[in-house]
Amino acid sequence: MMICFLQTLLLLGAQLVLSGTSLTAHTVPNNFFYHNFLSGNGNKGIHFSDVKLHVDSAQSSVFAVRGGNATLPCRFWYESEVSSPREVRIKWSWLPTAGGHWTDVLVAIDSHSRSFGEFRGRVQLRQDFPGDAALLMTELQLNDTGRYRCEVVDGLEDKSTVIHLELRGVVFPYQHPHGRYHLSFLGAQQVCEEQDSSLATFTQLFQSWKEGLNWCNAGWLSDGTVQYPITRPRVPCGGHGLAPGVRSYGRRHLHLHRYDVFCFSSSLRGRVYYLQPSHKMNLTEAQQVCQESGAQIAKVGQLYAAWKFKGLDHCEAGWLADGSVRYAIIRPRKNCGPPEPGVRSFGFPPPQHKHGVYCYKSDDE
Ligand SMILES: *[C@@H]1O[C@H](CO)[C@@H](O)[C@H](O)[C@H]1NC(C)=O
Ligand SMILES: *[C@@H]1O[C@H](CO)[C@@H](O)[C@H](O)[C@H]1NC(C)=O
Ligand SMILES: *[C@@H]1O[C@H](CO)[C@@H](O)[C@H](O)[C@H]1NC(C)=O
């Protein structure tokens with residue numbers, strides 16, 4: 001008989017614990033028995049029905065730049081006052097924009113914390129006020145974007161909230177030196193990295209489309225889809241009948257299918273400058289002359305970043321690291337290309353052709 005009664009209480013207890021997020025001590029008539037049962041059983045330190053934990057964030061998205069810092073806000077509090085300090089476990093995890101799975105960023109209990117993997121030494125908890133669980137991130141990298149989950153655990157209470165981290169930057173279309181539609185997905189990833197950038201995410205391409213990017217060649221994005229942004233509909237780009245927008249071919253085969261790519265670059269530490277000694281240079285000489293001035297021939301992503309973030313505006317074409325020839329214009333003018341600002345490209349001329357060069361010098365060189 002007694003056993004039977006205990007079982008009933010156990011079941012009742014289990015139900016209360018399971019539904020503990022929506023029921024409170026004041027609305028559940030059976031709560032009294034539940035309490036007695038637990039304390040009678042010596043379960044000290046576990047206060048199932050006393051606390052109701054809340055977690056939220058002041059912002060659902062945070063924008064930052066490469067190399068910069070970001071604060072991802074998160075705070076927790078209790079619905080009713082708690083008398084003594086409580087031990088909570090705070091855990092931040094990350095879901096990369098390109099997909100994959102949630103991975104650990106940081107775990108903290110009291111003043112002890114541990115960071116993991118790529119985040120080691122770059123993240124810490126802010127803890128400016130009671131309940132502050134904001135994550136401070138430094139030295140942001142292009143591939144840090146994605147969803148960050150702030151999870152707070154107190155006994156059986158387990159609440160979380162998600163914040164998006166986005167980088168401000170610039171998306172640029174990139175073609176293989178051999179021409180249009182030569183890149184597999186992996187090839188696309190590689191050329192972006194070689195040009196100091198990363199495969200653009202859909203969010204980044206969409207943002208660039210809103211800022212006016214109009215490009216009629218389809219390119220890979222980080223999620224394995226192939227898309228292109230059209231602001232002025234025309235016949236070869238989906239036709240006049242289609243509204244402006246980002247056109248998608250959907251997911252393509254990562255190895256078999258070949259397209260161009262959209263790369264993403266963010267702010268730049270250091271500077272890009274045009275160099276032209278007494279005479280113009282072939283590609284080999286261009287690489288050398290940058291090195292002789294304590295710099296390196298600039299990569300395409302660096303030229304775009306300098307244009308977007310440092311106002312690079314120079315109306316002379318110069319060699320870049322990939323063997324292409326380009327220049328960047330902020331204030332469009334006569335003999336400097338189309339009437340919109342942008343980076344102008346002359347493709348990949350034969351390496352013996354003579355031009356100036358764009359060099360990149362990082363801050364620490
Ligand atoms: C980022 O934060 C670190 C220390 O928290 C600081 O030294 C550094 O100047 C900050 N960087 C920027 C770009 O604000
Ligand atoms: C992210 O970028 C950094 C710097 O470019 C690189 O060292 C790291 O391997 C990248 N991480 C991943 C998961 O791709
Ligand atoms: C560039 O010119 C140098 C001579 O100044 C020559 O040795 C080199 O082979 C040339 N490189 C190319 C790619 O034409």
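Residues numbered from 1 in each chain as written. Chains lettered and ligands numbered in written order. Predicted model: local features only at pLDDT ≥ 70, side-chain atom pairs only at ≥ 80, totals over all residues. Heavy atoms only, no water.

Undergrad: What is the right way to look at the sheet that holds strand β7 (residues 112-115) in this model?
TA: Within a sheet, neighbouring strands are paired by backbone hydrogen bonds and run either parallel or antiparallel to one another. One open sheet holds the 6 strands; their spatial order is β2-β11-β10-β5-β6-β7, and the pairing between them is mixed. Since the sheet does not close on itself, it has two edges, and those belong to β2 (61-64) and β7, each with one partner. Neighbouring strand axes in the sheet, compared pairwise and without regard to direction, differ in orientation by 20° on average. Pairing of strand β5 (residues 89-96) with strand β6 (residues 103-109), which is carried by 6 bridges, proceeds in the antiparallel orientation. The residue of β6 that forms the bridge with tryptophan 94 is threonine 103. (Pairing = 2+ DSSP bridges. Helix = DSSP H or I, 4+ residues; strand = E, 2+ residues; numbered from the N terminus. Axes fitted to C-alpha atoms, helices over the stretch in contact; angles between N-to-C directions.)

Undergrad: How do you make sense of the environment of valine 226 when you look at a structure like this?
TA: Considering the arrangement of structural elements, one finds valine 226 in strand β15 (residues 225-230). In sequence terms valine 226 and tyrosine 259 are 33 residues apart; their C-alpha atoms lie 7.7 Å from each other. Excluding anything up to four places from it in sequence, valine 226 contacts Ala218, Gly219, Trp220, Arg247, Ser248, Tyr249, Gly250, Arg252 and Tyr259. (Contact = heavy atoms within 4.5 Å.)

Undergrad: Help me out: how do you make sense of the sheet that holds strand β8 (residues 123-125) in this one?
TA: Ordered in space as β3-β9-β8, the 3 strands form an open sheet in which the pairing is antiparallel. Strand pairing shows two members of the sheet lacking a second neighbour, β3 (70-72) and β8, which therefore form its edges. Ignoring strand direction, the axes of neighbouring strands in this sheet form an average angle of 20°. Across 3 bridges, β3 lies against strand β9 (residues 135-137) in antiparallel orientation.

Undergrad: Please clarify how helix α3 (residues 185-194) should be interpreted in this entry.
TA: One full turn of an α-helix is made of 3.6 residues, so residues set three or four places apart face in the same direction. For α3, the complete set of buried residues consists of Phe185, Gly187, Ala188, Val191 and Cys192. Angular distribution of buried residues about the axis of α3 spans 160°; they occupy a single face of the element. Buried residues belonging to α3 abut β12 (169-174), β13 (198-199), β14 (219-220) and β17 (260-266). Positioned one or two residues after α3, aspartate 196 has a phi angle of 60°, which is positive. (Buried < 20%, exposed > 50% of the residue type's maximum accessible area, 1.4 Å probe, protein only. Arc of directions from axis to C-beta.)

Undergrad: Mind showing me how you'd approach the environment of glutamine 189 here?
TA: One can find glutamine 189 in helix α3. You can call glutamine 189 partly exposed: its relative accessible area is 30%. Considered as a pair, glutamine 189 and phenylalanine 262 are 73 residues apart in the sequence and their alpha carbons are 9.5 Å apart.

Undergrad: Explanation requested: the site of ligand 3 in the structure shown.
TA: Residues in close proximity to ligand 3 include Asn282, Thr284, Glu285, Pro351 and Gln352, which together make up its full environment. Asparagine 282 is positioned such that a nitrogen or oxygen atom in its side chain is 2.3 Å from an oxygen atom of ligand 3. Contact distances for ligand 3 include 2.5 Å between an oxygen atom and a side-chain N or O atom of glutamate 285. For ligand 3, the accessible surface in isolation is 370 Å², of which the surrounding protein chains cover 44%. Grouping the amino acids of the shell around ligand 3 by side-chain chemistry returns 1 nonpolar, 3 polar and 1 charged. (Near = heavy atom within 4 Å. Polar contact = N/O pair within 3.5 Å; in protein donor to acceptor, adjacent residues only side chain to side chain. Areas by Shrake-Rupley, 256 points an atom, 1.4 Å probe, with all protein chains shown as cover. Nonpolar A, V, L, I, M, F, W, Y, C, P; charged D, E, K, R; others polar.)

Undergrad: Any chance you could explain the side chain of arginine 344 here in plain terms?
TA: Within the element layout of this structure, arginine 344 appears in strand β22 (residues 342-345). Buried and without a salt bridge, arginine 344 has glutamate 340 as its closest oppositely charged side chain, separated by 5.6 Å. Side-chain polar atoms of arginine 344 contact the backbone oxygen of cysteine 336, separated by 3.1 Å. In terms of polar contacts, arginine 344 uses its side chain to reach the backbone carbonyl oxygen of glutamate 340, at 2.8 Å. Contacts of arginine 344, omitting those with residues within four sequence positions, involve Val325, Arg326, Tyr327, Ile329, Pro332, Cys336, Gly337 and Pro338. (Lys, Arg positive; Asp, Glu negative; His and termini not counted. Salt bridge = Lys/Arg side-chain N within 4 Å of Asp/Glu carboxyl O.)

Undergrad: Whenever I open this one, the state of the cysteines confuses me. Can you help?
TA: Two cysteines joined by a covalent bond between their sulfur atoms form a disulfide. Following the criterion strictly, the structure yields 4 disulfides and no others. The partner cysteine of cysteine 192 in its disulfide is cysteine 263, sulfur to sulfur 2.1 Å. Around the S-S axis, the bridge from cysteine 192 to cysteine 263 shows a dihedral of about -80° and counts as left-handed. Note that cysteine 192 is positioned in helix α3 and cysteine 263 in strand β17, a separation of 71 residues in sequence. Overall, cysteine 192 belongs to the buried group, its relative accessible area being 0%. Residue class for cysteine 263 comes out buried when judged on its relative accessible area of 0%. With a sulfur-sulfur separation of 2.0 Å, cysteine 315 is cross-linked through a disulfide to cysteine 336. (Disulfide = S-S within 2.5 Å.)

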